[in-house]
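Working through the structure, step by step
Here's the letter readout for the chains.
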Amino acid sequence: MFNQSIGKLRAAVERAIAHLKDWKVLATRYRGPLTRFPLVAKTVTALAFYKNGW
């Protein structure tokens, strides 16, 4: 029972990561300043949510 609930959560997280990797900026090596990476990641995540209508 515990393993099943962990598996469901892990599958959801892996699907989310796969969807984010559809964006080229997250699928390839980030070459910008590391201090700006959190902003880039937040922006890509916000655009993904916008695209899905959330």
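Quick look at the structure, then. (Residues numbered from 1 in each chain as written. Predicted model: local features only at pLDDT ≥ 70, side-chain atom pairs only at ≥ 80, totals over all residues. Heavy atoms only, no water.)

Some words on the pattern of salt bridges
- A full pass over the atoms with the stated rule returns one salt bridge.
- In this structure, Glu 14 and Arg 10 form a salt bridge, with 2.9 Å as the shortest nitrogen-oxygen distance. Taken as a pair, Glu 14 and Arg 10 lie in helix 1 (residues 2-20) at a separation of four residues, close to a single helical turn. (Salt bridge = Lys/Arg side-chain N within 4 Å of Asp/Glu carboxyl O. Helix = DSSP H or I, 4+ residues; strand = E, 2+ residues; numbered from the N terminus.)

With respect to helix 3 (residues 37-51)
- Between its terminal C-alpha atoms helix 3 stretches 21 Å, which fits the 21 Å expected from 15 residues at 1.5 Å a residue.
- Looking only at helix 3, the buried set comprises Val 40, Val 44 and Ala 48. Projection of helix 3 onto a plane perpendicular to its axis shows the buried side chains occupying an angular sector of 70°, all on one side. Every exposed residue of helix 3 that faces more than 90 degrees away from the buried side is listed here: Leu 39, Lys 42 and Tyr 50.
- Tucked inside the fold, the buried residues of helix 3 contact helix 1 and helix 2 (24-27).
- One or two steps after helix 3, the chain reaches Gly 53, where phi turns positive at roughly 80°. (Expected span 1.5 Å × (residues − 1). Buried < 20%, exposed > 50% of the residue type's maximum accessible area, 1.4 Å probe, protein only. Arc of directions from axis to C-beta. Contact = heavy atoms within 4.5 Å.)

Considerations on the layout of surface pockets
- Volume-wise, the largest pocket comes out at about 260 Å³.
- Every element with two or more residues in the lining of the largest pocket is listed here: helix 1 and helix 3.
- The element contributing the most residues to the lining of the largest pocket is helix 3, with four residues.
- A class-by-class count of the residues in the lining of the largest pocket yields six nonpolar, three polar and two charged. (1 Å grid on protein atoms, 1.4 Å probe; cavity = no way out; pocket = protein on both sides within 12 Å on 5 of 7 lines; lining within 4 Å. Points joined across faces, edges and corners; volume = space filled by probe spheres on them. Nonpolar A, V, L, I, M, F, W, Y, C, P; charged D, E, K, R; others polar.)

Points about a nonpolar patch on the surface
- Side chains of Leu 9, Val 13 and Ile 17 sit close together on the surface and give an oily, nonpolar patch of about 270 Å² of accessible area.
- Looking at the element boundaries, Leu 9 is found in helix 1.
- A relative accessible area of 55% places Leu 9 in the exposed class. (Patch = residues over 30% accessible without salt bridge, like charges linked within 9 Å, V, L, I, M, F, W, Y side chains within 5 Å. Areas by Shrake-Rupley, 256 points an atom, 1.4 Å probe, with all protein chains shown as cover.)

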